Amino acid sequence: MQNNSENPGRENKKTMKGLVTLEQFIADQQALHAGATGAFSRIFRALELGAKMVNRDVRKAGLADILGDFGSTNVQGEEQKKLDVIADETFINHLSRCGEVCAIISEEQDEAYWVPGGENNEYIVSIDPLDGSSNIDVNASIGTIFSIYRRKDMSRRAETADCLQQGIYQLAAGYFIYGSSTMLVYTTGNGVNGFTLDDSLQEFCLSHGNLRIPENGKIFSINEGNSADFPGGVSRYISWCKEKDKETNRPYGARYIGSLIADFHRNLLKGGIFIYPPTAKTPNGKLRLMYECNTMAFIVEQAGGMASTGTQRVMEVIPSELHQRVPLFIGSKKMVEMAVAMLQG
Ligand code: P6P
């Protein structure tokens, strides 16, 4: 960033008080990287616009029967698409038009979506357009999860293999949470920052600068309905969480919303561990590596936490397919370390 002597008109952002919008924050971050081309800004603007549109639809989903939206017929008797399909179309449309993306991996698309006319573009976006959409009907928080990668080889046409990159190659990872407030939490590898949507301005404003997850916590988050299938180490860890021990603040509290973004976001702010282990129904866990686990892993590591599959660091898993699932142990470092140690015990 230019200092005041070179650019007297520009206050040092660190001392300025008041509102910092997402656009200003990204511009400042971009100024820190001499070679920055503005590509990131254009991709983030596309994601931001998509999120504002999905946020608007999510907020009125409860009126679906009256408005005839989302999976029912509207007043003209036209078949309406479900909200997660609408979200997928919204993000694909905006990301395709931003001029920087060559391919999109989406939970709603069986194959990689190749952006028409985007074969020379440099970036790949993986996205879960509306995670937890089954919770819309009960008004629980849901969200959009995304990661941004750079193509490794620009000398040839991109192929599916170019999309299958380890999480360590993510350039950015983030999520929009449509909850009691609408937020964006993201990292580009320089810490984690949270922005809250000011509805009156329709601007995401910096509200949670330099987020850090507590090194330890008192919340465990797992679907105990699957406990009959839990691997032994998981059962041992959950039993350990429930034991009475004043010195280690146990028993811990059990919290499970059934929406990854909501459970993760709470633990990020308060400390805790979220576990989706292998089960009979989902022997590799339920959550997807490319647009759920890697994204949250990058964020949690940048916030000082940890993300493991139980046998390795999530971000080092070498993907073999677009919608690959992996077990997920993620959250406060000391809690994940303890859980993984019990798995291996
Ligand atoms: P279960 C939502 O459907 C989701 O993909 C995640 O957001 C959430 O963490 C998980 O599934 C919940 O799965 O099997 O506990 O209902």
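Analysis parameters
- Along each chain, residue indices are assigned from 1 in the same order as the chain's sequence is written.
- Selection of residues for local features in this predicted model requires a pLDDT of at least 70, selection of side-chain atom pairs for listing and counting requires 80 or more, and totals for whole chains, interfaces and linings are taken over all residues.
- To get the side-chain values, all heavy atoms of the structure are used, and hydrogens and water are removed first.
- Secondary structure is summarised from DSSP: a helix means a run of H or I of at least four residues, a strand means a run of E of at least two, and numbering begins at the N terminus for each.
- Here, residues are in contact when the closest pair of their heavy atoms is within 4.5 Å.
- Per-residue and other accessible areas were derived by the Shrake-Rupley procedure at a 1.4 Å probe size, with only the shown protein chains allowed to occlude residues.
- Two strands qualify as a pair provided DSSP detects at least 2 bridges between them.
- Here an axis means a line fitted to C-alpha atoms, over the contact stretch when the element is a helix, while the angle between two N-to-C directions is reported on a 0 to 180 degree scale.
- If an angle is under 35 degrees, it is roughly parallel; if it is over 145, roughly antiparallel; if it lies from 65 to 115, roughly perpendicular; otherwise it is oblique.
- Helix crossings are classified by the rotation of the near helix relative to the far one: an anticlockwise turn of less than a right angle makes the crossing left-handed, while a clockwise turn makes it right-handed.
- When residue character is reported, Ala, Val, Leu, Ile, Met, Phe, Trp, Tyr, Cys and Pro are called nonpolar, Asp, Glu, Lys and Arg charged, and the others, Gly included, polar.
- Exposure is judged per residue with a 1.4 Å probe applied to protein chains only, and the accessible area is read against the type maximum: over 50% gives exposed, under 20% gives buried, and values in between give partly exposed.
- To obtain the arc, one takes the directions from the helix axis to the C-beta atoms.
- For this purpose, a residue is taken to be near a molecule or strand whenever a single non-hydrogen atom of the residue falls within 4 Å of it.
- Under this definition, polar contacts are N or O atom pairs within 3.5 Å; protein pairs additionally need one hydrogen-donor-capable and one acceptor-capable atom, and for neighbouring residues in sequence, both atoms have to be side-chain atoms.
- Think of a nonpolar core as a cluster: buried Ala, Val, Leu, Ile, Met, Phe, Trp, Tyr and Cys residues, connected wherever their side-chain atoms sit within 4.5 Å.
- What fixes the domain bounds is an automatic or database domain assignment.

Visitor: Help me get a handle on the overall build of the protein chain, residues and values and all.
Guide: When helices and strands are tallied, the protein chain shows 9 helices and 13 strands. Restricting to contacts in the protein chain with at least 6 residues of sequence separation, those with at least 24 account for 62%. Working note: accessible area of the protein chain is about 16100 Å², and carbon and sulfur atoms make up 48% of it.

Visitor: Quick one: what's the story with the sheet that holds strand β11 (residues 273–276), residue by residue and with numbers?
Guide: On the basis of which strands lie adjacent, the open sheet formed by 5 strands has the order β10-β9-β11-β13-β12 and mixed pairing. Since the sheet does not close on itself, it has two edges, and those belong to β10 (253–254) and β12 (306–308), each with one partner. Sheet topology places strand β9 (residues 219–221) next to β10; 2 bridges connect them, and they run parallel. In the strand pairing of β10, Ile219 is matched with Gly253.

Visitor: Break down the packing of helix α2 (residues 39–59) against helix α4 (residues 83–97) for me, citing the residues and quoting the values.
Guide: Orientation of α2 relative to α4, taken along the N-to-C sense of each, is 155 degrees, at an axis distance of 8 Å. Relative to α4, the element α2 lies roughly antiparallel. Here the hand of the crossing between α2 and α4 comes out right-handed. On α4, the residues touching Ile43, Ala46, Leu47, Leu49, Gly50, Ala51, Met53, Val54, Asp57 and Val58 of α2 are Leu83, Ile86, Ala87, Thr90, Phe91, His94 and Leu95. Residues of the contact of α2 with α4, tallied by class, amount to 13 nonpolar, 3 polar and 1 charged.

Visitor: Outline the packing of helix α7 (residues 260–270) against helix α8 (residues 289–302), supporting the account with residue identities and numerical values.
Guide: In a packed pair of helices, the relevant descriptors are the angle between the two axes and the axis-to-axis distance. It is the contact of α7 with α8, at a shortest axis distance of 12 Å, that shows an interaxial angle of 10 degrees. Judged by the inter-axis angle, α7 sits roughly parallel to α8. Regarding α7 and α8, the two cross each other, and that crossing is right-handed. The segment α7 lies against α8, with Leu260, Ile261 and Phe264 engaging Glu292, Met296, Ile299 and Val300. Classifying every residue of the contact of α7 with α8 by side-chain character gives 6 nonpolar, no polar and 1 charged.

Visitor: Please provide a residue-by-residue account of unusual backbone geometry, values included.
Guide: Cis geometry is adopted by the peptide bond preceding Pro251, which originates at Arg250 and carries an omega value of 10 degrees. Residue placement: Pro251 occurs in the loop between α6 (232–242) and β10. The backbone of Asn139 shows a phi angle near 65 degrees, a positive value even though the residue is not glycine. You can see Asn139 is positioned in the loop between β3 (123–131) and β4 (142–150). By relative accessible area, Asn139 is classed as exposed at 73%. The backbone of Gln202 shows a phi angle near 55 degrees, a positive value even though the residue is not glycine. Looking at where Gln202 falls in the secondary structure, it is placed in the loop between β7 (192–198) and β8 (203–208). Residue class for Gln202 comes out partly exposed when judged on its relative accessible area of 33%.

Visitor: Tell me about α6, residues and numbers included.
Guide: Restricting attention to buried positions, one finds in α6 the residues Gly233, Val234, Tyr237, Ile238, Trp240 and Cys241. In an axial view of α6, the angular spread of the buried residues amounts to 155 degrees, which keeps them on one side of the axis.

Visitor: How would you explain the sheet that holds β4 if you had to name every residue and give the values?
Guide: Read across the open sheet, the 8 strands follow the order β2-β1-β3-β4-β5-β6-β7-β8; overall the sheet is mixed. Edge positions in the open sheet fall to β2 (113–114) and β8, since each of these has one partner strand only. Set on the sheet, α2 makes contact with β1 (101–106), β3, β4, β5 (172–178), β6 (182–187), β7 and β8; between it and β5 the angle comes to about 20 degrees.

Visitor: Explain the pairing of β3 residue by residue, including any values.
Guide: When you tally the buried positions in β3, you get 9 out of 9 residues, the bulk of the element. Relative to β3, β1 runs parallel, the two being bridged by 5 bridges. By the bridge assignment for β3, Val101 is matched with Tyr123. Bridge count for β3 against β4 is 7 bridges, and the pairing is antiparallel. Counterpart to Ser126 in the pairing with β4 is Ser147.

Visitor: How would you summarise the site of the ligand if you had to cite specific residues and measurements?
Guide: As a structural note, the neighbourhood of the ligand is formed by Asp131, Gly132, Asn223, Tyr256, Gly258, Ser259, Leu260, Phe274, Tyr276, Lys286, Leu287 and Glu292. One nitrogen or oxygen atom from the main chain of Leu260 is found 2.7 Å from an oxygen atom belonging to the ligand. In the environment of the ligand, an oxygen atom lies 2.6 Å from a nitrogen or oxygen atom belonging to the side chain of Tyr276.

Visitor: Can you lay out the nonpolar core for me, pointing to particular residues and giving the numbers?
Guide: In this structure, Tyr175 and Met296 are the most contacted members of the largest nonpolar core, which totals 43 residues. At the level of secondary structure, the elements contributing two or more residues to this core comprise β1, β4, β5, β6, α7, β11, α8 and β13 (328–331). Among the elements that line this core, the one with the most residues is α8, at 9 residues. Two domains each donate at least three residues to this core, and these are domain 1 (22–208) and domain 2 (219–344). In terms of nonpolar packing, the next biggest core, distinct from the first, is built from 38 residues, Phe25, Ala39, Ile43 and Ala87 among them.

Visitor: Tell me about the environment of Asn294, residues and numbers included.
Guide: If you trace the backbone, Asn294 turns up in helix α8. In contact with Asn294, other than residues within four places in its own chain, are Tyr149, Gln165, Gln166, Gly167, Gln170, Leu289, Val314 and Met315.

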